[in-house]
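Structure at a glance
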Amino acid sequence: MGIEKFKELDPIYTQPYDPTLAEKLYNPEKPMENRITDIGPPYFWQFMPPVIQKNYGKWVSHEIIQPGVLKYKSETGDVVYVVRCGTPRLETTDYIREICEIADKYCGGYVRWTTRNNVEFHVTDEETLKALIEDLKNRKHPNGSYKFPIGGTGAGISNIVHTQGWIHCHTPAIDASGIVKAIMDELFEYFGSHKLPAKTKLALACCLNMCGAVHCSDLALVGIHRKPPLVEDERLEHVCEIPLVIASCPLGAIKPATAEVDGKKKKTVRINVDRCMFCGNCYTMCPALPIADGEGDGIAIVVGGKVSNRITPPEFSRVVIPYIPNEPPRWPTTVKWIKKIIEIYSQHANKYERIGTWINRIGWERFFELTGIPFTEKCIDDYRLAYTTYRTSMHFKFTKHVDEVFNAPENYKVELFK
Ligand code: SF4
Ligand code: SF4
């Protein structure tokens with residue numbers, strides 16, 4: 001459907017924009033009067049650059065002409081250059097206005113964001129491309145950070161898909177924006193280059209709800225708790241639906257209870273602490289079960305996930321480091337391990353191998369050995385289908401972990417094998 005048809009169907013978009021319209025239409029005395037609803041998002045076609053509209057469905061090839069810059073060719077002979085820039089995702093309106101100003105100057109007012117929250121500018125000739133790149137390179141925040149670093153293409157590290165953290169959510173165990181900034185600073189060279197064996201996708205979620213992509217990323221961070229929730233008996237029955245709380249626990253660790261508070265009987269719950277794995281699900285359902293704890297909370301690192309079907313099927317990522325403490329504002333231990341994993345992967349993987357594909361080839365024991373990550377029982381699955389993750393084969397490599405078991409003190413071995 002072309003823009004003309006769209007205008008015909010939705011004439012509101014052809015009327016001049018009136019910033020006071022909402023106020024004029026809204027009457028708190030009659031909230032349902034003039035109410036506009038179920039209109040959905042604006043039709044995407046109207047925001048596409050004319051060259052993209054013209055060549056829609058006609059593209060024949062593309063190439064990455066330098067990190068962050070793609071060239072698309074159409075069967076009509078048209079060419080489009082795309083410049084991809086990193087953004088912090090959390091953006092001020094001033095920052096967005098600046099993006100619009102750049103789009104107005106070089107791209108006829110058109111701009112788009114990617115599925116990893118990078119921003120992309122489209123131009124159709126090399127001269128404008130050069131001017132755009134030069135301009136973007138020179139835009140910096142007062143503290144020196146690049147506003148629009150160019151990159152995020154090919155076999156490098158693009159933006160980190162991340163979440164709300166301490167900026168906006170009530171269930172996080174870690175921050176999002178702060179950790180992402182610390183990691184991207186350290187891995188910045190990989191954003192603007194193609195020196196890794198394959199594209200490497202990073203993600204962060206600040207709790208086990210895993211908003212985003214941590215469960216399916218090459219390398220990801222998840223916020224975890226290590227202590228059970230606190231039960232606020234005095235208010236629980238007033239703010240929580242107890243059956244919902246009980247049903248929210250993946251381990252059946254919650255049971256209904258009655259407690260006496262100031263001489264009054266209160267309906268509440270009790271948590272079997274030995275069964276609790278601190279997922280925080282019950283707090284999501286019930287505000288009277290707070291779980292956040294400065295000293296208990298921290299980061300788990302998971303690796304080896306992917307979404308694409310290229311060469312091997314999609315895979316979930318798996319825990320390799322079960323806990324690193326929160327260390328705001330720069331999270332140095334976390335950053336150190338992330339960098340180390342990337343470097344070891346970079347040195348050892350073959351071309352086109354994603355982190356998970358590489359690990360599947362060399363074996364998990366070898367991954368732990370190469371990275372120097374201490375292997376602990378925390379990485380051994382013990383939830384329902386855990387059996388499928390154990391080794392049911394004699395195929396393994398004699399890594400230092402095996403040596404450690406065989407050279408361990410006798411009583412340790414007994415403990416281990418009993
Ligand atoms: S991952 Fe958890 S803490 Fe983070 S935004 Fe999602 S629900 Fe909130
Ligand atoms: S934190 Fe998770 S495991 Fe623990 S009681 Fe709540 S829901 Fe159950």
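Everything numeric here is computed off the predicted structure, so don't read it as measured data. (Residues numbered from 1 in each chain as written. Chains lettered and ligands numbered in written order. Predicted model: local features only at pLDDT ≥ 70, side-chain atom pairs only at ≥ 80, totals over all residues. Heavy atoms only, no water.)

**What to know about the site of ligand 1**
Neighbouring ligand 1 are T163, Q164, C169, T171, P172, A205, C206, C207, N209 and C211. Partitioning the shell around ligand 1 into residue classes produces six nonpolar, four polar and no charged. (Near = heavy atom within 4 Å. Nonpolar A, V, L, I, M, F, W, Y, C, P; charged D, E, K, R; others polar.)

**Observations concerning the packing of aromatic side chains**
Tallied over the full model, the rule gives 13 aromatic pairs. Ring pairs connect the aromatic residues Y345, W358, W364, F367, F368 and F375, which therefore count as one cluster. Stacked on the ring of Y190, the Lys or Arg K195 has its end atom at 5.5 Å from the ring centre. Positioned over the ring face of Y323 is R226, at 3.5 Å from the centre of the ring. (Phe/Tyr/Trp six-rings, centres within 6.5 Å; stacked < 30°, edge-to-face > 60°. Lys NZ or Arg CZ within 6 Å of the ring centre and 35° of its normal.)

**As for the site of ligand 2**
Surveying the vicinity of ligand 2 reveals 13 residues, the closest of which are C249, C276, C279, G280 and C282. When atom positions are compared with the pocket grids, ligand 2 is found to occupy the largest cavity. (1 Å grid on protein atoms, 1.4 Å probe; cavity = no way out; pocket = protein on both sides within 12 Å on 5 of 7 lines; lining within 4 Å. Sits in = over half its atoms within 2 Å of the grid points.)

**Digging into the nonpolar core**
Counting 43 residues, the largest nonpolar core has I183, L202, L219, I301, V303, W358 and F367 as the members making the most contacts within it. Considering each element in turn, this core owes the most residues, seven residues, to helix 11 (residues 332–348). The next biggest cluster of nonpolar side chains, apart from the first, holds 19 residues, and it includes I99, C107, L129 and I133. (Core = buried A, V, L, I, M, F, W, Y, C linked by side-chain atoms within 4.5 Å. Buried < 20%, exposed > 50% of the residue type's maximum accessible area, 1.4 Å probe, protein only. Helix = DSSP H or I, 4+ residues; strand = E, 2+ residues; numbered from the N terminus.)

**Structural notes on the sheet that holds strand 3 (residues 79–85)**
The five strands are arranged 1-2-3-5-4 in an open sheet whose pairing can be described as antiparallel. At either end of the open sheet lies a strand with only one pairing partner, and these are strand 1 (59–66) and strand 4 (112–113). Examined bridge by bridge, strand 4 and strand 5 (residues 119–123) share two bridges and lie antiparallel to one another. Counted as the bridge partner of W113 is V119 from strand 5. The sheet contacts of helix 4 (residues 93–106) involve strand 4 and strand 5, and relative to strand 5 the element is tilted by about 15 degrees. (Pairing = 2+ DSSP bridges. Contact = heavy atoms within 4.5 Å. Axes fitted to C-alpha atoms, helices over the stretch in contact; angles between N-to-C directions.)

**Thoughts on the packing of helix 11 against helix 12 (residues 355–362)**
One can describe the packing of helix 11 onto helix 12 by two numbers: an axis separation of 11 Å at closest approach and a directional angle of 65 degrees. Considered as vectors, helix 11 and helix 12 are oriented roughly perpendicular to each other. Considering how the two elements wind past one another, helix 11 and helix 12 form a crossing that is left-handed. Every residue of helix 12 that contacts helix 11 at I344, Y345 and H348 is listed here: I355, W358 and R361. (Parallel < 35°, antiparallel > 145°, perpendicular 65-115°, else oblique. Left-handed = near helix turned anticlockwise from the far one by under 90°.)

**Re the pairing of strand 2 (residues 69–74)**
Pairing analysis gives six bridges linking strand 1 to strand 2, with the strands arranged antiparallel. Bridged to S61 within strand 2 is K73. Here five bridges tie strand 2 to strand 3, and the two strands are oriented antiparallel to one another. When the bridges of strand 3 are listed, V69 appears paired with V83. Counting the residues between successive antiparallel strands, the hairpin from strand 2 to strand 3 contains four residues, one of them, G77, with a positive phi of roughly 95 degrees.

**A look at empty space enclosed by the protein**
A full pass over the atoms with the stated rule returns two cavities of 30 Å³ or more. Size it by volume and the largest cavity reaches roughly 80 Å³. Lining the largest cavity are 13 residues, and of these C249, C276, M277, F278 and C279 sit closest to its centre. Of the residues contributing to the lining of the largest cavity, the split by class is eleven nonpolar, one polar and one charged. By volume, the second largest cavity is sized at about 50 Å³. Lining the second largest cavity are T171, C207, N209, H225, C279, G280, N281, Y283, T284 and I291. Classifying every residue of the lining of the second largest cavity gives four nonpolar, six polar and no charged. Viewed by domain, the lining of the second largest cavity spans two of them, domain 2 (157–225 + 297–412) and domain 3 (236–285), each represented by three or more residues. (Points joined across faces, edges and corners; volume = space filled by probe spheres on them. Domains from an automatic or database assignment.)

**What to know about helix 4**
Here helix 4 contains 14 residues, and its C-alpha end-to-end distance of 20 Å stays within 8% of the 20 Å for a straight helix at 1.5 Å per residue. For helix 4, the complete set of buried residues consists of Y95, E98, I99, I102, A103 and Y106. Buried residues of helix 4, viewed axially, fall in a sector of 140 degrees; they line one side. Turned more than 90 degrees off the buried face of helix 4, the exposed positions are T93, D94, R97 and D104. Close packing links the buried residues of helix 4 with strand 4, strand 5 and helix 5 (126–137). G108 occupies a position one or two residues after helix 4 and carries a positive phi of about 65 degrees. (Expected span 1.5 Å × (residues − 1). Arc of directions from axis to C-beta.)

**Brief notes about the domain arrangement of the protein**
By domain assignment, the protein separates into domain 1 (3–138), domain 2 (157–225 + 297–412) and domain 3 (236–285). Here domain 1 and domain 3 have C-alpha centroids that lie 48 Å from each other.

**Some thoughts on the layout of surface pockets**
For the second largest pocket, the calculated volume is near 580 Å³. Residue lining of the second largest pocket: 22 residues in total, with T87, P88, S145, Y146 and K181 positioned closest to the centre. Among the secondary structure elements, those contributing two or more residues to the lining of the second largest pocket are helix 6 (177–186) and helix 7 (188–191). Top contributing element to the lining of the second largest pocket by residue count: helix 6, with five residues. Looking at the lining of the second largest pocket, its residues break down into nine nonpolar, nine polar and four charged. When residues of the lining of the second largest pocket are assigned to domains, at least three map to each of domain 1 (3–138) and domain 2 (157–225 + 297–412).

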